[in-house]
Structures are given as structure tokens and as C-alpha cells.
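Chain residues, written in single-letter form:
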Amino acid sequence: MQVVILKDTDAVAEYGAQLFIKQLAKKTDAVLGLATGSTPVALYQKLIAANKRGEVSFKDSCSFNLDEYLGLAGDHPQSYRYFMQQQLFDHIDIDAAQTFVPAGDTDNPIAACQDYEDMIREKGGIDIQLLGIGTNGHIGFNEPSSGLMSRTRVKTLAPATISDNARFFSADEEQPHLSITMGIGTILDSRQSVLLATGAAKASAIAATVEGPLTAACPASALQMHPNSVVVIDEEAASKLENTEFYKHVERENQKLKAKLGL
Ligand code: F6R
């Protein structure tokens, strides 16, 4: 697991955006794994700006989002489909028909989960998966106790997640308690994973992810098993790590090596 500690939210977003831009430069028809929540918004803004400047194109790519609230149709303002349209898809040159988000309004969630897995496989698997992290260590909606080899399925949201996400819902809106989420096994199958976290509220979850044991109690710790995983965090999110100086040293060495190899 590569741990990159940067000074602030903007630097974290820029680092993450560059990984997506490099992926698309290498493979124009890349399969992108995307996330919602507040953390990726700055990264999406950077991708939109780069797309408008002609520095990156999404026209041959496709995307799969991590999760969706069960019970919300895509035109519901709190649905993750709606969020993605507003925050990214409506502003870039991606083919709308090639953007996939689990079907929140399905009559048959079990079949919808299997269909989602099948579609990811048919597209050749996810090349680069963006992740945020919950204060309880969740990735996607894989809450603590989720199976570390789980696939896309219906998950009940943990009370901590419901309270963390209550800020997005107004008093008269009913907040869903169920979701469809890619499983941890689905996420581990991605060829590269990029987890972003900023702010002190994420510091305990990041310490458990990077330096804690591999455990379903912290679903993000499963990324310790990922063959190509990077955790990009700001100083506040890094504040409970013990080996920060080592991670910074490794990153300096990585940058030197990349410069030498012209990567
Ligand atoms: C969203 C998702 C969640 C969020 C996590 C952090 O698609 O999968 O795991 O990444 O809840 O959310 P923020 O970024 O709002 O703190």
C-alpha cells in the first residue's frame, strides 16, 4: 500500500486527478470506478477543468459507481446517480450511456446486483477505482463486519453512516437505510485503487486502514491485500499514523525513480 501525505485538500484532489488523467492517457477506453460523497468533488472539478482544456478525454471510457441508495430513482436529488450527473457526467465528454450506477429503483435488487457484477466483467474489469472512506472505515457502503471477499449486494447502512450522511438530507426527506454497493471483493479486483481522505475526522479510520490489522471491523483495511493501492491523504487525515516520516521518505524516493524513468 502506497501512502501519500500532502499538505491540503487541493493537493490531494490534484494528485488523485493526475492518476485518472494518466490512466486515460495510457488507455483511452479505461473502465473507471467512481465514488460519491464530499471527498471526490474537488477531484471531479479538476477532471472537468482538464477535460475543458483538452488535456483529457472520457469519450471512449466507461464508468461504474461504487454504490446507490436502495429506493431512490436516478432523478431523486439525493440519489448518487443524480450527484454524479451534477458533479461530473454533465460537464465532461463521457458517453452518458456508458456511465453505470447501481439501480436504486429496481424491483429486484438481487438480480440488479448480479447484473452489475456481470457488466463490470463484460467491460473487462475496473482499471482504476476511486474511493472515499467513512469515519467507521467503510468503503463503498461496505460497513464494518462486511465480508472481505464480498461482491455487489444489498447492504444495510450502519447508524454511524446514516448520521454522517444526514447532512445531505433536509428535514422533510426520508433518508434511506439500505443500499446496493460493490463488495470488497469487487473493489479488490480493480487494477488500481485510489483512496482519498481529508480532515481530522478521518484520522482514526486512516490509521486503522494503513497500520491496523486486516479486519472486517475496518473494511478499508482490506486494501492492504490490493496489489496496487494508493492512499492519498492530507496532514490532518494522517495525524494518527505512526510512520508518517517513512511514508514521506518512500514517496520522495518514488518520485525520484519516476523522474529517472520518465514516468
Ligand atoms: C460513496 C461512498 C462512501 C464515501 C464515504 C466518505 O460513494 O462509497 O464510502 O466515500 O462515506 O464520504 P465523504 O467523502 O462524504 O466523507
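Above this note sits the structure.
As the structure is a computational prediction, the values presented were derived from the model and not from experiment.

Here is what the cut-offs are and how they apply
- Residues numbered from 1 in each chain as written.
- Predicted model: local features only at pLDDT ≥ 70, side-chain atom pairs only at ≥ 80, totals over all residues.
- Heavy atoms only, no water.
- Helix = DSSP H or I, 4+ residues; strand = E, 2+ residues; numbered from the N terminus.
- Rg over C-alpha atoms; globule rule 2.2 N^0.38 Å.
- Buried < 20%, exposed > 50% of the residue type's maximum accessible area, 1.4 Å probe, protein only.
- Contact = heavy atoms within 4.5 Å.
- Phe/Tyr/Trp six-rings, centres within 6.5 Å; stacked < 30°, edge-to-face > 60°.
- 1 Å grid on protein atoms, 1.4 Å probe; cavity = no way out; pocket = protein on both sides within 12 Å on 5 of 7 lines; lining within 4 Å.
- Points joined across faces, edges and corners; volume = space filled by probe spheres on them.
- Near = heavy atom within 4 Å.
- Polar contact = N/O pair within 3.5 Å; in protein donor to acceptor, adjacent residues only side chain to side chain.
- Areas by Shrake-Rupley, 256 points an atom, 1.4 Å probe, with all protein chains shown as cover.
- Nonpolar A, V, L, I, M, F, W, Y, C, P; charged D, E, K, R; others polar.
- Pairing = 2+ DSSP bridges.

1. So, the overall build of the chain
Here comes step 1: For the chain, the count of helices and strands is 8 helices and 10 strands.
Here comes step 2: In summary, the chain has a C-alpha radius of gyration of 18 Å against a globular reference of 18 Å for 263 residues, a match within 12%.
Here comes step 3: Referenced to the eigenvectors of the C-alpha coordinate spread, the extents of the chain come out at roughly 55 × 40 × 35 Å.
Here comes step 4: Residues classed as buried in the chain amount to 53% of the 263 residues present.
Here comes step 5: Residue pairs at least 24 apart in sequence account for 79% of intrachain contacts in the chain once pairs closer than 6 positions are excluded.

2. A look at the packing of aromatic side chains
Here comes step 1: Here the structure, examined in full by the defined rule, presents 7 aromatic pairs.
Here comes step 2: Each ring, one from Phe64 and one from Tyr116, has its centre 5.6 Å from the other, and the planes form 80°; the classification is edge-to-face. You can see Phe64 sitting in strand β3 (residues 62-65) and its partner Tyr116 sitting in helix α4 (residues 109-122), a full 52 residues away along the chain.
Here comes step 3: For Phe64, a relative accessible area of 0% puts it in the buried group.
Here comes step 4: Measuring from ring centre to ring centre gives 5.6 Å for Tyr69 and Phe141, while their planes differ by 40°; the resulting arrangement is tilted. Of this pair, Tyr69 sits in strand β4 (residues 67-69) while Phe141 sits in the loop between β6 (128-131) and β7 (153-156), placing them 72 residues apart in sequence. In this pair, the class of Tyr69 matches that of Phe141, namely buried.
Here comes step 5: Here the aromatic residues Tyr69, Tyr80, Phe141 and Phe169 are joined through ring pairs into a cluster of three or more.

3. A short note on empty space enclosed by the protein
Here comes step 1: Taken as a whole, this structure holds 1 cavity of 30 Å³ or more when the rule is applied.
Here comes step 2: Size it by volume and the largest cavity reaches roughly 30 Å³.
Here comes step 3: In terms of lining residues, the largest cavity is bounded by Thr9, Val12, Ala13, Thr39, Ala42, Leu196 and Thr198.
Here comes step 4: Sorting elements by how many residues they give to the lining of the largest cavity places helix α1 (residues 9-26) first, with 3 residues.

4. Quick look at the site of the ligand
Here comes step 1: In the vicinity of the ligand there are 14 residues, among which Thr39, Asp67, His138, Gly140 and Lys202 approach most closely.
Here comes step 2: At 2.6 Å from an oxygen atom of the ligand is found a side-chain nitrogen or oxygen belonging to Lys202.
Here comes step 3: In isolation the ligand has 410 Å² of accessible area, and contact with the protein removes 94% of it.
Here comes step 4: Looking at side-chain class alone, the shell around the ligand contains 3 nonpolar, 8 polar and 3 charged residues.

5. Some details on the sheet that holds strand β5 (residues 99-100)
Here comes step 1: The sheet built from 7 strands is open, its strands ordered β1-β10-β9-β6-β2-β3-β5 with parallel pairing. Two strands in the sheet have a free side with no partner beyond their single neighbour: β1 (2-6) and β5.
Here comes step 2: In terms of strand pairing, strand β2 (residues 31-34) meets β6 through 2 bridges, oriented parallel. The residue of β6 that forms the bridge with Gly33 is Gln129.

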